[in-house]
2 protein chains.
Amino acid sequence: DQTTPNCVIKVHDGTRDYNPKQMAIREKVFNTIIRCFKRHGAETIDTPVFELKETLTGKYGEDSKLIYDLKDQGGELLSLRYDLTVPFARYLAMNKITNIKRYHIAKVYRRDNPAMTRGRYREFYQCDFDIAGQYDAMIPDAECLKIVHEILNELDLGDFRIKVNDRRILDGMFAVCGVPDDKFRTICSTVDKLDKMSWEDVKKEMVNEKGLSEEAADQIGEYVSMQGGMDLAERLLQDHKMSQSKQACAGLSDIKLLFKYLQLFHVTDKVVFDLSLARGLDYYTGVIYEAVLTQAGTVSAANEAQNDTNAEESVSVGSVAGGGRYDGLVGMFDPKGRRVPCVGVSIGIERIFSIMEQKAEASPQKVRTTEVQIMVASAQKNLLEERLQLISELWNAGIKAELMYKKNPKLLSQLQYCEEAGIPLVAILGEQELKDGVVKLRVVATREEVDISRADLISEIKRRTEA
Amino acid sequence: DQTTPNCVIKVHDGTRDYNPKQMAIREKVFNTIIRCFKRHGAETIDTPVFELKETLTGKYGEDSKLIYDLKDQGGELLSLRYDLTVPFARYLAMNKITNIKRYHIAKVYRRDNPAMTRGRYREFYQCDFDIAGQYDAMIPDAECLKIVHEILNELDLGDFRIKVNDRRILDGMFAVCGVPDDKFRTICSTVDKLDKMSWEDVKKEMVNEKGLSEEAADQIGEYVSMQGGMDLAERLLQDHKMSQSKQACAGLSDIKLLFKYLQLFHVTDKVVFDLSLARGLDYYTGVIYEAVLTQAGTVSAANEAQNDTNAEESVSVGSVAGGGRYDGLVGMFDPKGRRVPCVGVSIGIERIFSIMEQKAEASPQKVRTTEVQIMVASAQKNLLEERLQLISELWNAGIKAELMYKKNPKLLSQLQYCEEAGIPLVAILGEQELKDGVVKLRVVATREEVDISRADLISEIKRRTEA
């Protein structure tokens, strides 16, 4: 069963390796996101990459078919996690935790059709921030939106919009438009496709596939074209149809309160109350949101009515964050059904990576993949032992240092390596330097060279590189 | 298919969640390890959690039965990675990389019998550092051992030993002791059990299960009891039997060279040339090593002859790092069989976590799970909006800040929260403070309070917390 040289060497479709350059970019993005989560006082947890199959059952609606299962090799039936939210809810119920603010950055798995150029993979990172606990309305929800705003600002990806809606408003809207109760979730899934399909096609699916009356569909069509701010929430609270639904009114009042808090956070410039926002997942119970990047200069187009979704598609680079309130999920895991209200946000990191990678490609500045401060080199033969001794001293002093793994490397090839890798300094050893108790310190960029006594070398390297 | 509250809420046997306290410890350990890898100039890569099944086939010898397979849901046959070394070799061959120094920190999966109290899990982290490339003998190998030495020193886990051996010495030893060629690997696997079984039981397995002659086994028994340093390598080069094997001589000469370089690194105090070290995996071709923690005060016992392995077991907390040279693995993936020599080390992080956790439990100092610098609190009712405005200013200035998600929290509960979470400062807002344009800054530990003008607040918080 030896692998023959003829077997196919590749990774699974829809997954990828990250090379050192991509990892350097990824690290930068993660650091920005983690810094933000920590600024907001979040702890972090981790969960296994697989859950018992039954833990994931019945949580994802129509998307359940995309779950990766493990082979039954004896023992428990397992599935790869589909998101970080269900494992979080399972964790809370299992440990009887009723209050926590946590972030979790980890990979999730979906047997979806990959579209890797647009940043859609089968294995991808999610960066989740969630607040669990019984609190006063919309305070944690507003913080989640503030976090999205901070992260997208700091990452400097261009202009963005955060669309906001509420599942209770959607359900109320479905009710007053005449959608039968048992069709709420499936019609909601269809509304969710408005960011990829035209209203005409969405309507067709509602009527032809889901069996909705054309009249009901048309009424929905009117509502889902609405966008605005706190004013729209106020208007809909007066709307003769919408105001008949208690649920919708509760949602609309919360949207008003949310906007009030967002004003105090000075982030309303990016937030749009958008009745077409539905979000695919079953478990949301209240406010939902999604952040999309909009290309520079076409912001107003993105704010226009959704009737022509093709136009919207052309200006929206796609969703880069999403989330919402899910007050019922933890209770599904609790033996006594005890509820732990939760709200959270997930940063869609893969699309962000794609954009950052493209930016790095376009930039004249080279991405460094190491942080090496100095190369320990020799100008003459037979100085390997002296190089090993010196580099050991540097490592022990916390200096990031490399040497070439050859007994007698050429000086030129050592210097070329520094240029390629962006290493700023070279410590050159030669017979004379060893006799004098010095090291020749060379600045790669300027080719300037200066003798430094061995005693001063470490502080000199730190002085020159830790600026 | 709704999950009922009666279903079992647990994680897969042999896996675990990490709670915030464990994550804080894990982050500290990872930071130490990553800092060391970066100090040595390593880049980092990442690979998918699963590989094509055929990629893993024929790489792990007897351990292959421990691989987790995914269910065939249509499409490619996949297995969860068993280590990070085979994916690394696949990555090098796939991308035709002949020179790289990289680290990779990620989870691997083994359907082993879990022994979680001793830090053996089915899902666990590996922290791998590897050097690939055709270089002069033993220079990168010595650096790998230097890295193990640095990491175990910095983590301050107590005394340790790094055992060193060479697969060529083992094979040469098997040859001169009369082991048939086709039994080398399986006898090597049995020798590998010497850290868990007595010599008597190992011998029994060799003779009864693997069909080796008692004479050959006894000869092996003599060699595998030997431990020493460079002197032992020199002595064995003169050994009338061992010196008949070219392979063994090549291995012994390299061990001598390795010790010479390790002397220059000043790490030989912890390194032992130990002929009983075998390492289970098939792919090693040259030097191999394993680091074990030894309990304080019993170091000499750990250095004694291995005949009584129970004695050794009682002083050794177990392996915390291991690795070696694998010059043939990349070639197994290359269509033309091109070899890329590699040497690397894997840090056994789970055992290290277990020890660090026990240390944290025993310490009177509380482990903080967040880095929050200040809580924004109010002393009176109806100041939620003012708190939201202030905390937004702090977040925007990069201050790590929290508030309670209640409209009117009690001052006492806000202060208690700070004590529990270890938050050092509180910014207290009241009617008077708002009128005066100040904030009452309270030091939680001393209960000292001082009014700070809003304009000076941010710099004052930074001054007090970024010490």
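Quick caveat, the model's predicted, so the values are computed rather than measured. (Residues numbered from 1 in each chain as written. Chains lettered and ligands numbered in written order. Predicted model: local features only at pLDDT ≥ 70, side-chain atom pairs only at ≥ 80, totals over all residues. Heavy atoms only, no water.)

(A) Region of the structure containing the overall build of chain A. Along the backbone of chain A there are 18 helices and 16 strands. Projected onto its principal axes, the C-alpha positions of chain A cover 95 × 55 × 45 Å. Within chain A, the fraction of its 467 residues that count as buried is 58%. Sequence-distant contacts, at least 24 apart, represent 70% of the contacts inside chain A between residues at least 6 apart. (Helix = DSSP H or I, 4+ residues; strand = E, 2+ residues; numbered from the N terminus. Buried < 20%, exposed > 50% of the residue type's maximum accessible area, 1.4 Å probe, protein only. Contact = heavy atoms within 4.5 Å.)

(B) Spotlight on the pattern of salt bridges. Residue and element names in this part refer to chain A. This model, assessed by the stated rule, comprises 86 salt bridges over all chains. A salt bridge links E393 to R454; the shortest N-O distance between them is 3.3 Å. Here the residue E393 occupies a position in helix α15 (residues 384-396), and R454 occupies one in the loop between β16 (449-453) and α18 (457-465), the gap between them amounting to 61 residues. (Salt bridge = Lys/Arg side-chain N within 4 Å of Asp/Glu carboxyl O.)

(C) Just unusual backbone geometry, in detail. One non-glycine residue, D156(A), lies in positive phi territory at about 60°. One can find D156(A) in the loop between α4 (139-155) and β6 (160-166). Positioned with a positive phi, H266(B) is a non-glycine residue whose angle comes to about 60°. In this fold, H266(B) is placed in the loop between α10 (246-264) and β8 (271-274).

(D) Up close: the interface of chain B and chain A. The interface is formed by 100 residues belonging to chain B together with 100 residues belonging to chain A. Of the roughly 9100 Å² buried where chain B meets chain A, counting both sides, 56% is carbon and sulfur surface. Contact with chain A buries area across many residues of chain B, yet I9(B), W395(B) and Y405(B) alone supply 10% of it, more than any other trio. K10(B) serves as the salt-bridge partner of E76(A), at 2.3 Å between the closest nitrogen and oxygen. Remark: the boundary between chain B and chain A carries 50 residue pairs in polar contact (both at pLDDT 80 or more). Of all the elements, helix α15 (residues 384-396) of chain B adds the most residues to the side of chain B that touches chain A, at 8 residues. For the side of chain B that touches chain A, the residue count by class is 44 nonpolar, 23 polar and 33 charged. (Buried area = accessible area lost by both parts, 1.4 Å probe. Polar contact = N/O pair within 3.5 Å; in protein donor to acceptor, adjacent residues only side chain to side chain. Nonpolar A, V, L, I, M, F, W, Y, C, P; charged D, E, K, R; others polar.)

(E) Quick look at the pairing of β8(B). All names here are of chain B. Where burial is concerned, the two faces of β8 agree: the one with V271 and F273 and the one with V272 and D274 are both buried. Examined bridge by bridge, strand β6 (residues 160-166) and β8 share 3 bridges and lie parallel to one another. Bridge assignment links I162 to a residue of β8, and that residue is V271. (Pairing = 2+ DSSP bridges.)

(F) A look at the relation of the copies chain B and chain A. For the pair chain B and chain A, the best superposition has an RMSD of 0.0 Å and corresponds to a rotation of 180° with a translation of 0.0 Å parallel to the axis. As the rotation angle and translation indicate, the two copies are arranged about a two-fold axis. A share of 100% of interface residues in chain B that are also interface residues in chain A marks the association as one of identical surfaces. (Least-squares fit on C-alpha atoms with pLDDT ≥ 70 in both.)

(G) Expanded view of the domain arrangement of chain A. What the domain assignment reports for chain A is domain 1 (20-298 + 316-362) and domain 2 (374-464). Between the C-alpha centres of domain 1 of chain A and domain 2 of chain A there is a distance of 53 Å. (Domains from an automatic or database assignment.)

(H) Highlighting the environment of M375(A). Residues and elements named next belong to chain A. Mapping M375 onto the fold places it in strand β12 (residues 374-378). Judged by relative accessible area, M375 falls into the buried class, the value being 0%. A C-alpha to C-alpha distance of 8.3 Å links M375 and I428, two positions 53 residues apart in sequence. Residues in contact with M375, not counting those within four places in the same chain, are E402, L403, M404, Q414, Y417, C418, I423, L425, V426 and A427.

(I) Seen up close, the packing of aromatic side chains. Going through the model one piece at a time under the given rule, you end up with 28 aromatic pairs over all chains. Here the aromatic rings of F37(B) and Y103(B) are separated by 5.5 Å at their centres, their planes lie at 40°, and the arrangement is tilted. Pair noted here: F37(B) is in helix α1 (residues 20-39) and Y103(B) is in strand β4 (residues 100-109), with a separation of 66 residues, a long-range link. Here the two residues F37(B) and Y103(B) agree in accessibility, since each one is buried. On the numbers, 5.2 Å between centres and 65° between planes, the contact of Y283(B) with Y284(B) is edge-to-face. No difference in accessibility class separates Y283(B) from Y284(B), as the two residues are buried. Here the aromatic cluster, defined as three or more aromatic residues joined through ring pairs, consists of Y60(A), Y82(A), Y283(A), Y284(A) and Y326(A). Geometry around F88(B) places R102(B) over its ring, the cationic atom sitting 3.9 Å from the centre. (Phe/Tyr/Trp six-rings, centres within 6.5 Å; stacked < 30°, edge-to-face > 60°. Lys NZ or Arg CZ within 6 Å of the ring centre and 35° of its normal.)

(J) Focus on the UniProt feature "binding site: L-histidine" (unreviewed entry) in chain A. All names here are of chain A. The UniProt entry lists D83, L84, T85, R110, Q126, D130, R279, Y283 and Y284 under the feature "binding site: L-histidine" (unreviewed entry), expressed in the numbering used here. Tracing the backbone through its elements, the reader meets R279 in the loop between β8 (271-274) and β9 (287-294). Accessibility expressed as a relative area gives 15% for R279, which makes it buried. If we skip the residues at most four places from it in the chain, R279 touches R167, D192, Y284, I288, Y289, E290, G322 and G323. Tracing the chain through its elements places Y283 in the loop between β8 and β9. Residue classification places Y283 among the buried positions, given a relative accessible area of 7%. Contacts of Y283, omitting those with residues within four sequence positions, involve K59, Y60, D83, T85, V86, R325, Y326 and L329. At a separation of 2.6 Å, a polar atom in the side chain of Y283 contacts the side chain of D83. (UniProt positions renumbered as here; feature names shortened; annotations may be inferred.)

(K) Structural view of the environment of K260(A). Assignment of secondary structure puts K260(A) in helix α10 (residues 246-264). Through-space distance from the C-alpha of K260(A) to that of M116(A) is 39 Å; in sequence the pair is 144 residues apart. Not counting the four nearest positions on each side in its chain, K260(A) is found in contact with M230(A) and E385(B).

(L) Main features of the sheet that holds strand β14 (residues 425-429) of chain A. Residue and element names in this part refer to chain A. Across the sheet, 5 strands lie side by side as β13-β12-β14-β15-β16; this open sheet has mixed pairing. Both outer strands of the open sheet, β13 (401-402) and β16, are each paired with one neighbouring strand and no more. In terms of strand pairing, strand β15 (residues 438-443) meets β16 through 5 bridges, oriented antiparallel. Within β16, the residue paired with V439 across the bridge is I452. Strand contacts of α15: β12, β13, β14 and β15, with the helix running at about 165° to β12, the strand carrying the most contacts. Docked against the sheet, α18 engages β12, β14, β15 and β16, running at close to 10° with respect to β15. (Axes fitted to C-alpha atoms, helices over the stretch in contact; angles between N-to-C directions.)

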